[in-house]
Amino acid sequence: MSMRIHRGWGRYFNFSTVGSFIIALFVIVPLYWMVASSFKTQSNVSASPAQLFPVPVSTSSYTAAFNDGFAHFILNSVIVAVCTTTLVLFLGTLAGYALGRMPMRGKYPIMVTLLMISVFPTIAVVPALYVVMRTIGWLNTYQALIFPYTAFNLPFAIWILRNYFLGISRSMEESARIDGAGALRTLVQVIVPQVTPGIFTAGVFTFTACWTEFLMALSFDFGKKTIPVGIASFGAQFTVPYGAYFAASVLSVIPVAALVLIFRKAVVSGLTAGAVKG
Amino acid sequence: MKRTTPERRGTIAMSRRLKAGSAVGALASALMVAGVVGAPNAFASTRHASKVTTITWWASPISTSGPDLRLTEINAFEKANPNIHVKLETAPTSTDTNRADLVTTISGGAKSPDVFMGDVIWPGQFGAHNLALDLSKYEPKSFFNRFAPGLVAGASYKGQVYGAPFFQDQGFLYYRKDLLAADHMSVPTTWEQLKSDAVTLVKQGKVKYGFVWEGASYEGGTCDFMEYYADTGGQVLNATDTKSVLNTAKVTKALAFVRSLVTSGASPAAVDTFQEPQAMDAFQNGQAAFLRNWDYAYAEANAKGMKSAGKVGVAPLPTFAGQSYPGYSTIGGWNLYINPHSRFISADLKFINFITGVQGQNIEAHPPFSEIPTNQAVRSDPKVKALNPPFAILSKTRLIARPAQSPNYPKVSQAIFSNFNSAIAGSKSPSAAASAMASQVATAVSSSSGL
Amino acid sequence: MASTELAPGKVVAPPSRGAPPKILPDLIQRRYARLGWGFAAPALVVIGIVTIAPIVFAIFMSFEHVNVTSSGFSFTGATFSNYHLMVTSGLWQHALWWTVVYTIVTVVVELVIGTIFALVLENLTGGRGLMMALLLIPWSLITVISAELWSYIYNASFGVLDSIWPNALGTPLSATLALMVADVWKTTPFVTIIVLAGLVMIPRELFEASEVDGASSWDIFWRVTLPLLRPTIGLAVLFRALQAFGIFDLPYVLTSGGPGTSTQSLAILAYNTMFTDINFGPGAAVAVSAALLVVMMCLVFLRAFRQQVGKEEVPA
C-alpha cells in the first residue's frame, strides 16, 4: 500500500507496527478473558468484582469438559470437518475451474443458482432433510453431516475458486494443453498450484463452517455429537457453565490452529505472492 | 459459580447429614422401604428375563455433577426390571433447543427416543400436534391418583393426560438471615414490605442490590409475572383455555409494582436481563438480600465458597398487602412423555410407572438430588419433609400454573414476558404494557399462526 | 509464483489474461465445453441431490396449511395465507427492518476496520504469518461459545464490561450495539483476510508510478489502491452480507431476540415460528422470504459488480 513508499519513517514506531499492535489487542483482549476464565476455579469464574488473573490456577473446567465427553465431540468434529473440506475442495476445484475457464454456455445462471442455494436458510431445509436422512437410515452417522455440509458449502467454495481461476495466466494453460485424457492431470499439476491461496481460503471457510454448524448437527447426528451440539448439553437447567464452555473453546481452537500452521506456507506465500511478483 | 463441583455437592450432602443421617444411608434406606412396595413388580418382570427390550430415554442433565439422577433412576429400574434396558440420551440443556430437536425428530417420524423428559408447559402443544402419546389411553384413572393435586391437570390437554409428572419445581423467596437479623427485620409477607426492606438494606450499603429475580425477556419472565399477577387475583385464560380473560387493571397493578422495584432501587436496572443464573450469581456473591428462585437455589446459595453460604433462609413468596399470605408460586418442573412412534410402549409405561412410583420418587427426593417429588405418598412422608427447608414449607405454599393448556402457549407466554420485560425496563408504561399484553395474549390464544 | 488475482478488473489485467481468446476454433471450443461440464458435473450433482429437494419442499410448505399428525406432516390445501400472515405481522416487519439495519451497519463497520487492518498487515515486514494465525482464532470460534464469551463479558453481576457499559443488553438499542460489537470482533478478521489477499496482488509498479507523479499516500489510496481493491471488496461485502443477513446463533444465545422481540432476526423468527410455535407453514414462509430478499440483494449487487464478480459471459 501507499505507506510503503515513504522511506525513513520511524523504524519501529511506524504505521504498521503500531497498527499491528492495536490489531493484536483487538483480537487478544476478549480471547485473554476466555482463556484466563477457563483456568479459574468454579467459584472464581463468577466472582464479583471479576478476577483479572486466575488465582489459583485450576484445571477443573477442563476436567468438567472432558467428563462431559469432550474428547468424543472433538473427534467427531474433526472427522466431519476434514472429510467435508476434502470433498468440497476436490469437487469445488474441478467445478470452479470449469466455470471459470471453460467456454460453457449457461455459466451465469449456474453461478446465481449456486448463490441462492448457499444462502437458503438451514432452518427451512432441516425438517425435510431429516425425513430423507431417516428414510435412508443415515441418522447418527458421519455421512448424515458430511453430505449436507458438502452440498451447502460447495457453492461458496466454487465462487471463491472460480474467481481465482479467472485470474491465472491464459498462456500457462495453453502451453499445458488442457485436452483429452490428460486434462485432469494437467489441472492438478499445472493449474492448481497457481491457486493455492484460493484453495486455502475456500478450505478454511469450509472447515470453520463445519466446525461451528449447529442446527443440522443437532437434528441429524445426535448420536455422534460434534462440538457445538456436545457443549449444548453442558451444565444443567438454570446454570451457565462458562468455565466448561471456555475450556472447550480453548481446546477446540487447537485443531484449527494446527491446520493454519500446517498450511502456513500456503497462507503466507499465497498472500505475498502478488507483492513479490511486482 | 453455577457448576456444582463434586466437593460442593459433598458439603451440601454433609450439611444435610445432621438431619437425614448419611446421604448414602438415607438413599439406601429409601430404596429398602420402596423396595417392599415395588416388590411384586420386580418378581413379575424377572420371570421372563430372556428377551431384553432396549428403550431410549431422552433427558437433559438435571444436576451439574456428582451422581447423575437419571442414571441412578435407570439403575434402580433395571434392577427391578431386568428384561428392560434403558439407554440414556443426554438432551440439550436449553429447553428451547431441546424442544426444537424433539419437534424435528418426532414430527419427522423418529421411533427413538421412546420416553422423553419434557417441560411441564409442553402438554398443550405436544398434545395438539401429536408429539406425545395420550397416556390416559393406556393407563387407568387410578394410575394418576398417585400425583399431588393439580399436577395431572397441568399435564393434560382437552381432558387427555400427555405427561407423567417426574419432578416438580416452584418459586420460593430466599433471604439473607444475617442481614434481616441485624436490622431486626422479619421475613417479608407482602411485596410492599419486601420492597421497603430491600431499599433500606441497599441505602445502608449492606448490599449492592436488594431483591433479585428473573426479569429477562424469556419464559422465566412469565413465571415471575404469573406470581405477581395471581397475587392481584387475576387470571389469564378462561376455564376452557380458549379465551383470554386478562384483566388490564390487575396487570397494570402487577407491572407498576415491578417497575417500582427498579425505580425505588430495590432491584437493579439490569434485572431486565436477569435469568436464573444472573439472579443466582448476584445472591451467591453476597450482592443481594432477597432472591426469587426455584428449588435448586437453596443448595446453590449454601454451597461452599459462596458469600451467602450458611446465611440463607427460605420462605413462601409474599403477596400484595390486603391479600392472604402466602402469595402464589409458579409451578415448574418436568414431566415424562412417550414418543407416539415408540415401538415399546409397554416397556415405556413400566419405566414411567417406576420412576413416578414410590421408589423412584424417593430416590429423587433424597440427597444428593433433592428434587421435589410429584408422588403424593412420598411428598407427605414426614421423613421426606424433614430432608431440607424448601421441602418443609412445601405444604404452606400456594401454586399457580402458567396458561400452558393453550396449544399456542409459546406465543401466549411471549406476549406476557415481552411486555413484562418492557414494563420493567421502563420502555413501556405499566398501563401501556398491560394493554399491549392483553391484546397480544388475546390474539395468541385465538390464532394459531405463530406470527 | 504466478499471479493469483481474486478477480482481475480490466485495469490490472495484462492482455494475456481475462477474456478467453476468440481465436480458438469452434471444434476445440466445443470440446472444452464438454470437458467443462464433465468437471463441473460431480459438484453440481452433489449439490442438486442434497439441496434441491429440501428447498423445494420448504417452498412448497410455505404455500400450504401444514399440520403435524401422528404419521408425519400433512398438507391440507394450497394457500397464500402464510405469506399474508407474514406480511401483515408486526413481528416480521420488525425482524426484517432489524436484520437489514444490522446487516448494513455491521458489514460497513467490518469493511472499514477490515480494510484498515489489511493495509496495516500488508505493510508489516515480519510476523505476518503469526498475525494471520491470530486473526483466524476469533473467526474459527464456535459461534455459540463466542456468544457465551460476550454474555460473560456483559454479565450484569460479574461482567468486566458492566462497570463501563452497565446493563449492555438491557435496552433494544444497547443490545443491538452489544451484538454488533461481538459480531465485529468475530468477523472483521474474515474481511481482513479477504482484503489482504486482494491487496498483495496489486502490482507494485502501479504505486511506484504514482509516487513518481508526486501523489500523496492519501491520494494513492483513494485513486489507485481503492479502485483496484473494488472486486475484492465486492466479494467480501457479498459474502459478509449474506452471512449477516442470516444471523442466528449470536442473538439467539446472547439476547434470545430480546429485550422483548427487539433483536429478533428473520432467521430467529423463522426458527421460533417453526420449532417453538410448531407452525411450519408460516415459519417456512419467513425462511423463504429471507432467502428471496437475499437473492434480490445479490442480483442487485451482481449488477453493480458485474464486471468484477460475475466476469465473463454475463448477459448484458
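Residues numbered from 1 in each chain as written. Chains lettered and ligands numbered in written order. Predicted model: local features only at pLDDT ≥ 70, side-chain atom pairs only at ≥ 80, totals over all residues.

This part is about the overall build of chain A. Looking only at helices and strands, one finds 14 helices and zero strands in chain A. Reading chain A from its N end, one meets helices and strands in the order α-α-α-α-α-α-α-α-α-α-α-α-α-α. Here chain A holds 278 residues, and 58% of them are scored as buried. Counted over contacts in chain A with a minimum sequence separation of 6, partners at least 24 positions apart contribute 77%. (Helix = DSSP H or I, 4+ residues; strand = E, 2+ residues; numbered from the N terminus. Buried ≥ 20, exposed ≤ 12 C-beta atoms within 10 Å, placed from the backbone. Contact = placed C-beta atoms within 7 Å.)

Take the overall build of chain B next. Along its length, chain B carries 19 helices and 13 strands. Across the 451 residues in chain B, those meeting the buried criterion constitute 61%. The long-range share in chain B, meaning contacts at least 24 apart out of those at least 6 apart in sequence, stands at 76%.

What follows is about the pairing of strand 1 (residues 53–59) of chain B. All names here are of chain B. In this sheet, strand 2 (residues 84–90) lies alongside strand 1 in parallel orientation, the contact comprising seven bridges. Bridge pairing in strand 2 places W57 opposite L88. Pairing geometry for strand 1 and strand 3 (residues 115–119), over two bridges, is parallel. Pairing of W57 across the sheet is with V115, part of strand 3. (Pairing = 2+ DSSP bridges.)

This part is about the environment of L136 of chain C. Residues and elements named next belong to chain C. Of note, L136 is situated in helix 4 (residues 128–140). With 23 C-beta atoms counted inside 10 Å, the residue L136 sits in the buried group. With 54 residues separating them in the primary sequence, L136 and F190 have C-alpha atoms 7.7 Å apart.

Counting 316 residues, the largest nonpolar core has Y174, F211, V212, A288 and F351 of chain B together with A270 and A287 of chain C as its most contacted members. Apart from residues no more than four positions distant in its own chain, A270 of chain C is found in contact with P121, I123 and A124 of chain A together with G283, V286, A287 and A290 of chain C. (Core = buried A, V, L, I, M, F, W, Y, C linked by C-beta atoms within 7 Å.)

For helix 2 (residues 81–88) of chain C, the complete set of buried residues consists of N82, L85 and M86 of chain C. Down the axis of helix 2 of chain C, the sector holding all buried residues measures 100 degrees, keeping them to one side. (Arc of directions from axis to C-beta.)

On the chain B side, the residues contacting the 27 residues of chain A number 31 residues. Sorting the residues of the side of chain A that touches chain B by element identifies helix 2 (42–45), helix 3 (60–67), helix 6 (122–135), helix 11 (215–220) and helix 13 (242–262) of chain A as the ones contributing at least two each. Considering each element in turn, the side of chain A that touches chain B owes the most residues, five residues, to helix 6 of chain A. Grouping the amino acids of the side of chain A that touches chain B by side-chain chemistry returns 15 nonpolar, 11 polar and one charged. (Nonpolar A, V, L, I, M, F, W, Y, C, P; charged D, E, K, R; others polar.)

With that settled, the discussion passes to the confidence of the model for chain A. Residue and element names in this part refer to chain A. Looking at chain A, the pLDDT average stands at 82 and 85% of residues meet or exceed 70. Predicted confidence in chain A is weakest over helix 14 (residues 264–277), with a mean pLDDT of 48, and strongest over helix 4 (residues 70–101), with 94. Low pLDDT (under 50) marks residues 272–278, which in the prediction has 18 contacts with non-local residues, meaning those over four places away or in another chain. (pLDDT = per-residue confidence, 0-100.)

With that settled, the discussion passes to the domain arrangement of chain B. Residue and element names in this part refer to chain B. Here chain B is described as being made up of domain 1 (6–169 + 333–400) and domain 2 (170–330 + 404–446). Elements represented by at least two residues in the side of domain 1 that touches domain 2 include exactly helix 1 (6–20), helix 5 (123–128), strand 6 (164–170), helix 17 (389–393) and strand 13 (398–400). In terms of residues, the side of domain 1 that touches domain 2 owes the most to one element, helix 1, which gives five residues. Of the residues assigned to the side of domain 1 that touches domain 2, the class counts are 11 nonpolar, eight polar and five charged. (Domains from an automatic or database assignment.)

Before going further, it helps to examine unusual backbone geometry. Here the residue pair V55 of chain A and P56 of chain A is connected by a cis peptide bond, since its omega of -5 degrees sits within 30 degrees of zero. Within the element layout of this structure, P56 of chain A appears in the loop between helix 2 and helix 3. Omega for the peptide link from S112 of chain B to P113 of chain B comes to 0 degrees, which places this bond in the cis form. Examined against the element boundaries, P113 of chain B turns out to sit in the loop between helix 4 (95–107) and strand 3. Unusually for a residue other than glycine, K158 of chain B sits at a positive phi of about 50 degrees. Along the polypeptide, K158 of chain B turns up in the loop between strand 4 (156–157) and strand 5 (160–161).

Residue and element names in this part refer to chain B. Sheet architecture is open: four strands sit in the order 8-9-7-10, paired in mixed fashion. Pairing within the sheet leaves two strands with one partner each, and these edge strands are strand 8 (209–212) and strand 10 (312–315). Strand-to-strand twist of the sheet, defined as the mean angle between neighbouring strand axes without regard to direction, takes the value 20 degrees. Alignment of strand 7 (residues 172–176) against strand 10, held across four bridges, turns out to be antiparallel. If you follow R176 over to strand 10, its bridge partner there is V312. (Axes fitted to C-alpha atoms, helices over the stretch in contact; angles between N-to-C directions.)

Glancing now at the environment of G310 of chain B. Residue and element names in this part refer to chain B. As for its placement among the helices and strands, G310 is situated in the loop between helix 12 (297–301) and strand 10. Exposure remark for G310: the 11 C-beta atoms within 10 Å place this residue in the exposed category. Taking the C-alpha atoms as reference, G310 lies 9.2 Å from R176; in sequence the two are 134 residues apart.

Residues and elements named next belong to chain C. At a minimum axis separation of 11 Å, helix 5 (residues 143–154) and helix 6 (residues 172–199) run at an interaxial angle of 130 degrees. The angle between the axes of helix 5 and helix 6 places the two elements in the oblique class. When the axes of helix 5 and helix 6 are compared, the crossing they make is right-handed. Residues S146, A147, W150 and Y154 of helix 5 touch helix 6, and the partners they reach there are A178, A182 and K186. The class makeup of the residues in the contact of helix 5 with helix 6 is five nonpolar, one polar and one charged. (Parallel < 35°, antiparallel > 145°, perpendicular 65-115°, else oblique. Left-handed = near helix turned anticlockwise from the far one by under 90°.)

All right, on to the confidence of the model for chain B then. Residues and elements named next belong to chain B. Taken residue by residue, chain B gives an average pLDDT of 87. The fraction at 70 or more is 88%. In the predicted structure, residues 1–49 sits below a pLDDT of 50 and forms 88 contacts with residues beyond four places in sequence or in another chain. As a predicted assembly, this complex carries a pTM of 0.84 together with an ipTM value of 0.82.

The subject of this paragraph is helix 4 of chain A. All names here are of chain A. Between the first and last C-alpha of helix 4 there are 45 Å, a value that for 32 residues agrees with the 46 Å anticipated at 1.5 Å per step. Of all the bends in helix 4, the greatest measures close to 25 degrees and is centred on G92. The element helix 4 is largely enclosed, with a buried count of 23 among its 32 residues. (Expected span 1.5 Å × (residues − 1). Bend = angle between axes of the 7 residues up to and from the residue.)

Moving on to the packing of helix 18 (residues 409–425) of chain B against helix 19 (residues 430–446) of chain B. Residue and element names in this part refer to chain B. Running from N to C, helix 18 and helix 19 point in directions that differ by 170 degrees, and their axes come no closer than 8 Å. Viewed along their axes, helix 18 and helix 19 adopt a mutual orientation that is roughly antiparallel. For the pair formed by helix 18 and helix 19, the contact residues are K411, V412, A415, I416, N419, S422 and A423 on the first element and P430, A433, A436, M437, Q440, V441, A444 and V445 on the second. Looking at the contact of helix 18 with helix 19, its residues break down into 11 nonpolar, three polar and one charged.

Within the element layout of this structure, L206 of chain C appears in helix 7 (residues 204–212). Sequence spacing of L206 of chain C and I220 of chain C is 14 residues, and the spatial spacing of their C-alpha atoms is 9.6 Å.

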